[in-house]
Amino acid sequence: MATGMDDSMSRDVPQDFRKVVRRKSWLTLVVMVVVTLFLFLATTLSHLRSDWTEGQVYTLSPSTVSVLEQLEEPLLIRAYITSGLPQPYGRLKGFIEDMLHAYHRAGAGKVGFELVDPSDDPNLSAALTVMKVPKVQVQVVEDDQAQVKQGYLAIVIEYLDSKEIIPVVQSEEGFEYFLTRKIKKLTGKGRSRIGVFSGFGASSLHELRKFQKLVSDDYELVEVDGKKNTIPSDISALIVAGMERVPTDAFRYRLDQFRMHGGGLLLLAGNTKAMLSAGFEVQPISADAHEWMKHDLGIAVEPGMVMDQRATRVTVNQQRGGFMFRSLVDYPFLPNVTVFDSEHIVTAGLESVSIPFASPLLWVDAGDDSEGGGERVLMRSSPRSTVQSGPPFDVNPLLPSQKRFSGMVLHASVLALARDGAIQSSFDRTPEGVTAVEHISKTDSSRMIAVGSPSLLDDEFMDGGNLVALLNMLDWISGDEALIGLRSRGVTQRPLEELSAAGRSLFKGVWMFGLPILITLLGIWRWWALKRRRMVPES
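Small disclaimer: the values here were computed from a predicted structure and weren't measured.

Asks: What am I meant to see in the overall build of the chain here?
Replies: Within the chain, the regular secondary structure consists of 12 helices and 23 strands. For the chain, the proportion of its 539 residues judged to be buried stands at 42%. For the chain, the accessible area works out to roughly 30,700 Å², and carbon and sulfur atoms hold 55% of it.

Now the structure itself:
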């Protein structure tokens, strides 16, 4: 009888134990779900975020915080976003809301924001049309049918009696820069004035149409006529692009004194100018045209033209038989520059810049501090570059790279320089024939950037990284650095590390032969292990 009771208890205990384990498992699952939902709701409603991105691109930069702290009156940001838009616009709506919360917190009570759905109010569509805010057209698949849906993704900023508009927020990338730029423009003291010098063969303002259009929101560009031998005192910086002839002493002195008064200088100088209207051609510039730079600026343009195996691709037409083909080729006279001074504010966040038909530059009077003092090297070509002697220069894009670089010694060249700080005047006194002005012999603050490419501002090269780099340069030489750190936030390119010829061969060998051999050996080992297991008798 005792034995029967023991058997019954032994059968019941495992069943009760399984029930206890099952209840604990369900209880643990329910608790985890509840905690997860609570954390999700808490972070959503409180807009708590943790930014793990490289460069903290989803966290307001110190530049934005500084702009918001300087607000004198309340500012209102209205985001007009149509609900129900498909991805990625749905995710973009959440991003905009999070960023506006961040602007509100950083504004210390002076920044308010509203999220408005225009579909809730038919009158808003008419108001947005008056403000020239376009609708976004997106394709939506509903009920197994493709339909086009229209909506709004616009930002309107109101400050006192003025307003600025971002008609369409296209992506998360660059959102903070565009919004902060609009706020700065709306609440600031107006755009800085920058002069474009047009004498002695330099590119005039009307020749730089695309450049003028792209920077018009940030700067007021004015043409400085070289024939008048005067530089306006109300401009903060001067651009001299591609001077082809020897300047007069009067201009050199005016430029010198402009710098002594704190004016910034962006100088584009080299041995050639691009002539793309005639195909892939260049126009040589006499070396005499930039000899004055050695004495006045301490910069020399070295002979030749840089060609780099790490190059930007261009489209070339090729005639084969009776057919015309368009192909992409690496063009060595358009170096894809990725070597920057990572500590200088102008180039710290840049990823790549294309410097067209560049000449190597050299500091003439810089000592050992050229890398860490007032004189800096901003950009260099890659170690796989060299210098073609000339003129004449052979810039044929169809010449094979192996033939072009055959027998050449490869070395990096300096493409851009910057100087900041105290400088001495290059003139002891006012030259004869120049209207007498108060001569200044020294200044404690002067900024200059020199790039070895006279064609950098041409319409064909005003795109992507080039525009970001130029805006950074103009901000820096004009003393307005608030937006420099914002333009290049976020990584858009992640190029693979270049391998040597031996490294590429090893890499190919491992993946073509090593991996198949390894898999075959693993298969043989597995077959042998299974066969051995079958041969072992069961006990």
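Asks: Help me understand the pairing of strand S9 (residues 237-241), please; the structure alone is not making it clear to me.
Replies: Successive residues of a regular strand alternate their side chains across the two faces of the sheet. A large share of S9 lies buried, amounting to five of its five residues. As judged from the three bridges shared by strand S7 (residues 192-197) and S9, these two strands associate in the parallel manner. Bridging across to S9, Val 196 finds its partner in Ile 239. Taken together, the five bridges between S9 and strand S10 (residues 264-268) define a ladder with parallel strand orientation. Residue Val 240 lies in a different strand from S10, and its bridge partner there is Leu 267. Where the polypeptide runs from S9 across helix H7 (residues 249-260) and back to S10, its parallel neighbour, the crossover connection is right-handed.

Asks: Where do I start with the sheet that holds strand S8 (residues 219-224) in this structure?
Replies: Two modes of strand pairing occur in sheets, parallel and antiparallel, and in both the strands are linked by backbone hydrogen bonds. Ordered in space as S8-S7-S9-S10-S23-S22-S20-S17, the eight strands form an open sheet in which the pairing is mixed. Pairing within the sheet leaves two strands with one partner each, and these edge strands are S8 and strand S17 (339-340). Pairing of S10 with strand S23 (residues 442-451) involves four bridges; the strand directions are parallel. Looking at the pairing, Leu 268 lines up with Val 451 of S23. Contacting S7, S8, S9, S10, strand S20 (375-380), strand S22 (414-424) and S23, helix H10 (residues 464-477) crosses the sheet at an angle of about 170° to S23.

Asks: When you look at the environment of Thr 59 in this model, what are you seeing that I'm missing?
Replies: When you line up the elements, Thr 59 lands in the loop between helix H1 (2-46) and helix H2 (62-69). Thr 59 sits in the partly exposed class, given a relative accessible area of 32%. Between the alpha carbons of Thr 59 and Ala 102 there is a distance of 8.0 Å; along the sequence they are 43 residues apart.

Asks: Just to check I follow, could you spell out unusual backbone geometry for this structure?
Replies: With glycine set apart, most residues show a phi of negative sign, and most peptide bonds adopt trans. The amide bond that connects Gly 390 to the next residue, Pro 391, takes the cis arrangement and shows omega of 0°. Along the chain, the position of Pro 391 falls in the loop between strand S21 (385-388) and helix H9 (401-405). The backbone phi angle of Lys 132 is positive, close to 60°, even though this residue is not glycine. Within the fold, Lys 132 resides in the loop between helix H4 (122-130) and strand S3 (136-142). In this structure, Phe 200 is a non-glycine residue whose phi angle is positive, near 55°.

Asks: Before we go on, may I ask you to explain the side chain of Thr 386 in this structure?
Replies: The residue Thr 386 is located in strand S21 in this model. Here the side chain of Thr 386 touches Val 409 through a polar contact of 3.0 Å, landing on its backbone oxygen. Apart from residues no more than four positions distant in its own chain, Thr 386 is found in contact with Met 305, Val 306, Met 307, Phe 405, Met 408, Val 409, Leu 410 and His 411.

Asks: Sorry, what's going on with the layout of surface pockets here?
Replies: Empty space among the atoms becomes visible once a probe the size of a water molecule is rolled across them. By volume, the largest pocket is sized at about 1,200 Å³. For the largest pocket, the lining is made up of 40 residues, of which Tyr 177, Phe 178, Leu 467, Val 468 and Arg 487 are closest to its centre. Looking at the lining of the largest pocket, the elements that each hand over two or more residues are strand S6 (162-166), helix H5 (175-187), helix H6 (209-215), strand S18 (353-354) and H10. Considering each element in turn, the lining of the largest pocket owes the most residues, six residues, to H10. Its residues assigned to classes, the lining of the largest pocket comprises 15 nonpolar, 15 polar and 10 charged.

Asks: How should the pairing of S10 be read in this particular structure?
Replies: The buried count for S10 comes to five of five residues, which makes it a mostly enclosed element. Alternating residues of S10 divide into Gly 264, Leu 266 and Leu 268 and Leu 265 and Leu 267, and every residue in both groups is buried.

Asks: Sorry if this is basic, but what is going on with the nonpolar core here?
Replies: Proteins that are soluble and globular tend to have nonpolar side chains buried together. Within the largest apolar cluster, 43 residues are counted, with the highest numbers of intra-cluster contacts made by Phe 211, Ile 239, Leu 266, Ile 355, Met 379, Ile 449 and Val 451. When residues of this core are assigned to their parent elements, the largest contribution, eight residues, is made by H10. Not counting residues within four places of it along the chain, the set of residues in contact with Ile 239 comprises Ile 194, Gly 195, Val 196, Phe 197, Phe 211, Leu 266, Leu 457 and Leu 474. Residues Ala 79, Ile 81, Ala 106 and Leu 186 belong to the second largest nonpolar core, which totals 30 residues.

Asks: Where do I start with the packing of aromatic side chains in this structure?
Replies: For any two aromatic rings, the description comes down to two numbers: the centre-to-centre distance and the angle of the planes. Under the definition given, this model contains 11 aromatic pairs. A ring pair is formed by Phe 507 and Trp 511, whose centres lie 6.2 Å apart and whose planes are at 55°; its orientation type is tilted. A residue pair is termed a helical-turn pair when its members lie 3 or 4 positions apart in one helix, as Phe 507 and Trp 511 do in helix H12 (residues 501-535) at four residues. For Trp 511, a relative accessible area of 51% puts it in the exposed group.

Asks: I'm lost on a positive patch on the surface in this one. Help?
Replies: A cluster of basic side chains, namely Arg 18, Lys 19, Arg 22 and Arg 23, defines a positive patch on the protein surface. Secondary-structure assignment places Lys 19 in helix H1.

Asks: Help me understand empty space enclosed by the protein in this model?
Replies: All told, the structure shown has three cavities of 30 Å³ or more when counted by the stated rule. If you add up the space inside the largest cavity, you get close to 60 Å³. Among the elements of the structure, S10 and helix H8 (292-296) are those that each provide at least two residues to the lining of the largest cavity. In terms of residue class, the lining of the largest cavity is made up of eight nonpolar, three polar and no charged.

Asks: Just to check I follow, could you spell out the sheet that holds strand S2 (residues 111-116) for this structure?
Replies: With respect to topology, four strands assemble into an open sheet ordered S2-S1-S5-S6, the strand pairing being mixed. Because the sheet does not close on itself, it has two edges, and the strands there are S2 and S6. The average angle at which neighbouring strand axes cross in this sheet is 15°, direction not considered. Sheet analysis places strand S1 (residues 75-81) next to S2, joined by six bridges and oriented parallel. Looking at the pairing, Ala 79 lines up with Leu 115 of S2.

What counts and how
Residues numbered from 1 in each chain as written. Predicted model: local features only at pLDDT ≥ 70, side-chain atom pairs only at ≥ 80, totals over all residues. Heavy atoms only, no water. Helix = DSSP H or I, 4+ residues; strand = E, 2+ residues; numbered from the N terminus. Buried < 20%, exposed > 50% of the residue type's maximum accessible area, 1.4 Å probe, protein only. Areas by Shrake-Rupley, 256 points an atom, 1.4 Å probe, with all protein chains shown as cover. Pairing = 2+ DSSP bridges. Right-handed = clockwise from strand over helix to strand, strands pointing away. Contact = heavy atoms within 4.5 Å. Axes fitted to C-alpha atoms, helices over the stretch in contact; angles between N-to-C directions. Polar contact = N/O pair within 3.5 Å; in protein donor to acceptor, adjacent residues only side chain to side chain. 1 Å grid on protein atoms, 1.4 Å probe; cavity = no way out; pocket = protein on both sides within 12 Å on 5 of 7 lines; lining within 4 Å. Points joined across faces, edges and corners; volume = space filled by probe spheres on them. Nonpolar A, V, L, I, M, F, W, Y, C, P; charged D, E, K, R; others polar. Core = buried A, V, L, I, M, F, W, Y, C linked by side-chain atoms within 4.5 Å. Phe/Tyr/Trp six-rings, centres within 6.5 Å; stacked < 30°, edge-to-face > 60°. Patch = residues over 30% accessible without salt bridge, like charges linked within 9 Å, V, L, I, M, F, W, Y side chains within 5 Å. Salt bridge = Lys/Arg side-chain N within 4 Å of Asp/Glu carboxyl O. Lys, Arg positive; Asp, Glu negative; His and termini not counted. Charge placed at Lys NZ, Arg CZ, Asp CG, Glu CD.

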